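Observations on the three-dimensional arrangement
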Amino acid sequence: MEPDPAVPPPTTVRTAIDRAVASCEALGLLGEDIEDEWQYVQDLGDAWLTRLEATAADRGDEAISPEVGVAVDRVCVEAGLVTDAHRAIDWLSTLPQVVLVALGERP
C-alpha cells in the first residue's frame, strides 16, 4: 500500500513525529486486545511516545528532506496494515525506532 497522495509527506520533524505518534497510538490500541500484555503495551507506548515527543520538542520546526518524509509516511502506512494484536506490539517497539533513525536520532 502506498501513502495517500492527497496527504503530503511530512516536511518538519514535528509533522513526522505527529504521524508516528498517531500510528503508535493505533498500534497500542490493537495491542491492548491481549489482556496479558496490557501493562506491557502501556509501558512500551508511554516510553516511546515520551521519546518521540522529546525529539519533537527539541527539533520540531526543523525541516526534513523529502526522502525522510516519504520514509516516515511509508513506515506509518505499513504499520496501518497490521491487524494482528501480537504483531502490533512488535511494531509498537519498532516503528518509533525506525522514525528516530530516519530523523538522524539515536533510538
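Let us look at the structure shown here. Predicted model only: the values in this text are computed from it and were never measured.

Attention now moves to the environment of Glu-67. Residue placement: Glu-67 occurs in helix H3 (residues 66-80). Expressed as a C-alpha distance, the spacing of Glu-67 and Glu-37, which sit 30 residues apart in the sequence, is 35 Å.

All right, on to the nonpolar core then. Ranked by size, the top nonpolar core spans 29 residues in total, and within it Ile-17, Leu-52, Leu-95, Val-99 and Leu-103 carry the most contacts. Listing elements by their share of this core, those giving two or more residues are helix H1 (13-31), helix H2 (38-59), H3 and helix H4 (85-102). Beyond its immediate stretch of four places on either side in the chain, Leu-52 contacts Ile-17, Ala-20, Val-21, Cys-24, Pro-96, Val-99 and Leu-100.

As a further point, take the packing of H1 against H2. Following both chains from N to C, one finds H1 and H2 inclined at 175°, their axes separated by 10 Å at the closest point. By the angle between their directions, the pair H1 and H2 is classed as roughly antiparallel. Facing H1, whose interface residues are Val-13, Arg-14, Ile-17, Ala-20, Val-21, Cys-24, Glu-25, Gly-28 and Gly-31, H2 presents Val-41, Leu-49, Leu-52, Glu-53, Thr-55, Ala-56, Ala-57 and Arg-59. Across the contact of H1 with H2, the residue classes break down as 10 nonpolar, 3 polar and 4 charged.

Here Gly-28 is to be found in helix H1. A residue is classified by how much of its surface remains accessible, and Gly-28, at 10% relative accessible area, is buried. Those residues in contact with Gly-28 that lie beyond four places of it in its chain are Val-41 and Leu-92.

So, how was this worked out
Residues numbered from 1 in each chain as written. Predicted model: local features only at pLDDT ≥ 70, side-chain atom pairs only at ≥ 80, totals over all residues. Heavy atoms only, no water. Helix = DSSP H or I, 4+ residues; strand = E, 2+ residues; numbered from the N terminus. Core = buried A, V, L, I, M, F, W, Y, C linked by side-chain atoms within 4.5 Å. Buried < 20%, exposed > 50% of the residue type's maximum accessible area, 1.4 Å probe, protein only. Contact = heavy atoms within 4.5 Å. Axes fitted to C-alpha atoms, helices over the stretch in contact; angles between N-to-C directions. Parallel < 35°, antiparallel > 145°, perpendicular 65-115°, else oblique. Nonpolar A, V, L, I, M, F, W, Y, C, P; charged D, E, K, R; others polar.

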